Protein chains: 2
Amino acid sequence: MALKFLTQKIAQAIDEELFSSGGFSVDQLMELAGLSVAQAIARVYDNSKYSRVLVCCGPGNNGGDGLVAARHLFHFGYKPNIFYPKQSKKELYERLVIQCKSLEIPIATELSDPSLTTDNDLIVDALFGFSFAGEIRSPFDQVIQKLKRTNIPIASVDIPSGWDVEKGNIDNQGFTPSMLISLTAPKLCASYFSGKHFLGGRFIPPELKRKYELNLPPYPGTDQVVDISNLPHEKL
Amino acid sequence: MALKFLTQKIAQAIDEELFSSGGFSVDQLMELAGLSVAQAIARVYDNSKYSRVLVCCGPGNNGGDGLVAARHLFHFGYKPNIFYPKQSKKELYERLVIQCKSLEIPIATELSDPSLTTDNDLIVDALFGFSFAGEIRSPFDQVIQKLKRTNIPIASVDIPSGWDVEKGNIDNQGFTPSMLISLTAPKLCASYFSGKHFLGGRFIPPELKRKYELNLPPYPGTDQVVDISNLPHEKL
């Protein structure tokens, strides 16, 4: 049974079920998602060589996952700094920012070019997730152009920002990350990705797995992530 | 610099700071606490030998940690069942129960004797935590007597329930667990405990560690727990 890659619609349906019949809060699942992102990064990019991590956070949930990941990366011995230009006014996001500030993680609202090319060893792309649709607005259009030009490795959270959730990197408009951390289950666009691919989100009830025929691989030990780079998969 | 064991007052002060200036929600920290409990248990009690885990949950936050731990233990391949006699009406706790029910984890409100002696391989004591004071009321007084008589190993969350938070197992009234998972930092009573001792709560900002001179040991890799069984420590 091959791992299933999800349409945007199915991904949204699973997400809604986790919050409704599953009884989860955004706080909880974002905490586990961000922790799994940080853990996956630590599996691939050792903190002795990739210490300085720029975490680029978008305006929605994907950005929230990034804020949580930055905090855990700090506790894992990295030196994260955050770029968060469009900060949510929601209470949860304000608290996530406070949590990072209490660790003295720098948070910038503008992205200076040198920081992309010289001051960081790794970039976390937490700009847009599986619910993204439509046009990429300022300043994120310029940010994606900058990420396209950098030589620093990029780890994308859930989908590579700028990619179509289902069709992938249309007309090569987006950048190609070195690593992808799919959350809950990979989205269709991930089938066009050939780098290091991890799955996070070890919280899906068996009933949901069966209902959507996710065929998730087993997670090793007590890990919150599993390497799915070489796993066979099918498209929906 | 030896690990510091905390008075009840200091433990409460640190807890309050995490929620106020630290910006954390109960949802978040309970998720991380429960995850660390499950992870610590998996380090000591392999799920091939200790599959059936009875998680005894008290009426407050310690019980909430237990509910989260039960869920993660399920995902780690254990077969948890929950004893939760005095269920909180708070929204968070009701959701934690829904999350366990969606995994088909049985939740009982009465503790049958056979389940303690024959149907389980391990017991998680999540009855009372560091804020406990006063008398142990029914049905928890009988529960603690039952735990005192069982031969099944017991893993206690934060403090062994029934122990004085600072003075330990006064007049030998309580039971002696095989394992203790201290959260944030050990409390004074833990200095009277000589079994397997883990620390969880990898989220304390450096400023808080300095302010209270916690001298926490480094956590290995991306683990949420660290074995402190053989660590030198000092009392406050």
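Rules used throughout
Residues numbered from 1 in each chain as written. Chains lettered and ligands numbered in written order. Predicted model: local features only at pLDDT ≥ 70, side-chain atom pairs only at ≥ 80, totals over all residues. Heavy atoms only, no water. UniProt positions renumbered as here; feature names shortened; annotations may be inferred. Helix = DSSP H or I, 4+ residues; strand = E, 2+ residues; numbered from the N terminus. Rg over C-alpha atoms; globule rule 2.2 N^0.38 Å. Buried < 20%, exposed > 50% of the residue type's maximum accessible area, 1.4 Å probe, protein only. Areas by Shrake-Rupley, 256 points an atom, 1.4 Å probe, with all protein chains shown as cover. Lys, Arg positive; Asp, Glu negative; His and termini not counted. Charge placed at Lys NZ, Arg CZ, Asp CG, Glu CD. Least-squares fit on C-alpha atoms with pLDDT ≥ 70 in both. Contact = heavy atoms within 4.5 Å. Pairing = 2+ DSSP bridges. Axes fitted to C-alpha atoms, helices over the stretch in contact; angles between N-to-C directions. Arc of directions from axis to C-beta. Core = buried A, V, L, I, M, F, W, Y, C linked by side-chain atoms within 4.5 Å. Phe/Tyr/Trp six-rings, centres within 6.5 Å; stacked < 30°, edge-to-face > 60°. Buried area = accessible area lost by both parts, 1.4 Å probe. Salt bridge = Lys/Arg side-chain N within 4 Å of Asp/Glu carboxyl O. Parallel < 35°, antiparallel > 145°, perpendicular 65-115°, else oblique. Left-handed = near helix turned anticlockwise from the far one by under 90°. Nonpolar A, V, L, I, M, F, W, Y, C, P; charged D, E, K, R; others polar. Polar contact = N/O pair within 3.5 Å; in protein donor to acceptor, adjacent residues only side chain to side chain.

An unreviewed UniProt entry lists chain A under the name NAD(P)H-hydrate epimerase, with Glomus cerebriforme as the source organism. Its UniProt record, at the heading Sequence similarities (unreviewed entry), says of chain A: "Belongs to the NnrE/AIBP family."

Engineer: What is the right way to read the overall build of chain A from this model?
Structural biologist: A tally of helices and strands in chain A yields seven helices and 10 strands. In terms of C-alpha radius of gyration, chain A reaches 16 Å, essentially the compact-globule figure of 18 Å for 236 residues. Across its three principal axes, chain A shows a C-alpha extent of roughly 45 × 40 × 35 Å. Counting only residues that meet the buried cut, chain A has 60% of its 236 residues in that class. For chain A, the accessible surface area stands at approximately 9,600 Å², while carbon and sulfur atoms represent 49% of it. Here chain A contributes 24 positive and 26 negative side-chain charges, whose respective centroids are spaced 1 Å apart.

Engineer: Sorry if this is basic, but what is going on with the relation of the copies chain B and chain A here?
Structural biologist: Two chain copies here: they are related by a rotation about an axis and a translation along the same axis. Aligned on chain A, chain B shows an RMSD of 0.0 Å; the corresponding rotation is 180 degrees and the shift along the axis is 0.0 Å. The two molecules are tied by a two-fold rotation axis, judged by turn and shift. Residues of chain B ranked by C-alpha distance from the rotation axis are headed by glutamine 28 of chain B, positioned 2.8 Å from it. Here 100% of the contact residues of chain B are again contact residues in chain A; the copies associate through an equivalent surface.

Engineer: What is the right way to look at the sheet that holds strand 7 (residues 179-183) of chain A in this model?
Structural biologist: Adjacent strands of a sheet form backbone hydrogen bonds with each other and so pair up, either parallel or antiparallel. All names here are of chain A. Strand order in this open sheet of eight strands is 4-3-2-5-6-7-8-9, and the pairing throughout is mixed. If you trace the sheet from one side to the other, it starts and ends with strand 4 (107-108) and strand 9 (225-227), each paired once. As defined by bridge partners, strand 8 (residues 196-200) adjoins strand 9 across three bridges and the pair is classed as antiparallel. Bridge assignment links glycine 200 to a residue of strand 9, and that residue is valine 225. Packing of helix 3 (residues 61-75) onto the sheet brings it into contact with strand 2 (52-57), strand 3 (79-83), strand 5 (122-126), strand 6 (154-157) and strand 7, and relative to strand 2 it is tilted by some 160 degrees.

Engineer: I would appreciate a short explanation of helix 6 (residues 140-149) of chain A in the present structure.
Structural biologist: The α-helix winds at 3.6 residues per turn, so residues separated by three or four positions along the chain end up facing the same way. All buried positions along helix 6 of chain A are accounted for by Phe140, Val143, Ile144, Lys146 and Leu147 of chain A. For helix 6 of chain A, the angular spread of buried residues about the axis comes to 160 degrees, placing them on one side.

Engineer: Please explain the nonpolar core as it appears in this structure.
Structural biologist: In summary, soluble globular proteins display a tendency toward joint burial of nonpolar side chains. One finds Ile41 and Ile82 of chain A together with Ile41 and Ile82 of chain B to be the most contacted residues of the largest nonpolar core, which totals 133 residues. Each residue touching isoleucine 41 of chain A, except ones within four places of it in the same chain, is listed here: Leu73, Tyr78, Leu122, Val124, Ala155, Met179 and Ile181 of chain A.

Engineer: Looking at this structure, I do not really get the packing of aromatic side chains. What am I missing?
Structural biologist: The full count for this structure, using the stated rule, is eight aromatic pairs over all chains. An angle of 75 degrees between the planes, with centres 4.8 Å apart, marks the rings of tyrosine 45 of chain A and tyrosine 50 of chain A as edge-to-face. Both residues of the pair, tyrosine 45 of chain A and tyrosine 50 of chain A, count as buried. The interplanar angle of 50 degrees and the centroid separation of 6.0 Å between the aromatic rings of phenylalanine 24 of chain B and phenylalanine 203 of chain B together place this pair among those described as tilted. On the criterion of sequence distance, the pair formed by phenylalanine 24 of chain B in the loop between helix 1 (8-19) and helix 2 (26-44) and phenylalanine 203 of chain B in the loop between strand 8 (196-200) and helix 7 (206-211) is long-range, its members being 179 residues apart. Residue class for phenylalanine 24 of chain B comes out buried when judged on its relative accessible area of 4%. What makes phenylalanine 203 of chain B buried here is its relative accessible area of 5%. Through successive ring pairs, a cluster of aromatic residues spans Phe128, Phe132 and Phe140 of chain A.

Engineer: What exactly am I supposed to notice about the interface of chain B and chain A here?
Structural biologist: How big an interface is tends to be expressed through the accessible area that disappears when the partners come together. Taken together, the 34 residues of chain B in the interface contact 34 residues of chain A. Buried surface at the junction of chain B and chain A, summed over both partners, amounts to about 2,800 Å²; 56% is from carbon and sulfur atoms. Broken down residue by residue, the surface that chain B buries against chain A is led by Gln28, His75 and Thr222 of chain B, which jointly contribute 21%. The tally of links from chain B across to chain A stands at zero salt bridges.

Engineer: Got a minute to help me understand the packing of helix 2 (residues 26-44) of chain A against helix 3 of chain A in this structure?
Structural biologist: Each pair of packed helices can be summarised by the angle the axes make with each other and by the distance between the axes. Residues and elements named next belong to chain A. The geometry of helix 2 relative to helix 3 is characterised by a closest axis approach of 7 Å and an angle of 55 degrees between their N-to-C directions. On the basis of their axis angle, the class for helix 2 and helix 3 is oblique. For the crossing formed where helix 2 meets helix 3, the hand is right-handed. Contact residues: Met30, Glu31, Ala33, Gly34, Leu35, Val37, Ala38 and Ile41 in helix 2; Asn61, Gly64, Asp65, Val68, Ala69, Arg71, His72 and Leu73 in helix 3. Tallied by class, residues from the contact of helix 2 with helix 3 come to nine nonpolar, four polar and three charged.

Engineer: What is the right way to read the pattern of salt bridges from this model?
Structural biologist: As a working rule, side chains carrying opposite charge can pair if their charged atoms are close by. Tallied over the full model, the rule gives 18 salt bridges over all chains. Note that aspartate 223 of chain A is salt-bridged to arginine 43 of chain A, the shortest N-O span being 3.2 Å. Taken as a pair, aspartate 223 of chain A in the loop between helix 7 (206-211) and strand 9 and arginine 43 of chain A in helix 2 lie far apart in primary sequence, 180 residues in all. Taking the shortest distance from any N to any O, the salt bridge between arginine 71 of chain B and glutamate 31 of chain B comes out at 2.8 Å. Taken as a pair, arginine 71 of chain B in helix 3 (residues 61-75) and glutamate 31 of chain B in helix 2 lie far apart in primary sequence, 40 residues in all. Given a relative accessible area of 1%, arginine 71 of chain B falls into the buried group. Judged by its relative accessible area of 0%, glutamate 31 of chain B falls in the buried class. Overlapping salt bridges bring together Asp27, Glu91 and Arg95 of chain A as one network.

Engineer: Would you take a moment to explain the side chain of lysine 187 of chain B for this structure?
Structural biologist: All names here are of chain B. Among the secondary structure elements, lysine 187 is positioned in the loop between strand 7 (179-183) and strand 8. When its relative accessible area of 2% is taken as the criterion, lysine 187 is described as buried. A polar contact of 2.8 Å, which involves the side chain of lysine 187, links it to the side chain of aspartate 158. In this structure lysine 187 touches Phe5, Leu6, Ala11, Phe130, Asp158, Ile159 and Val165, once residues within four positions along its chain are discounted.

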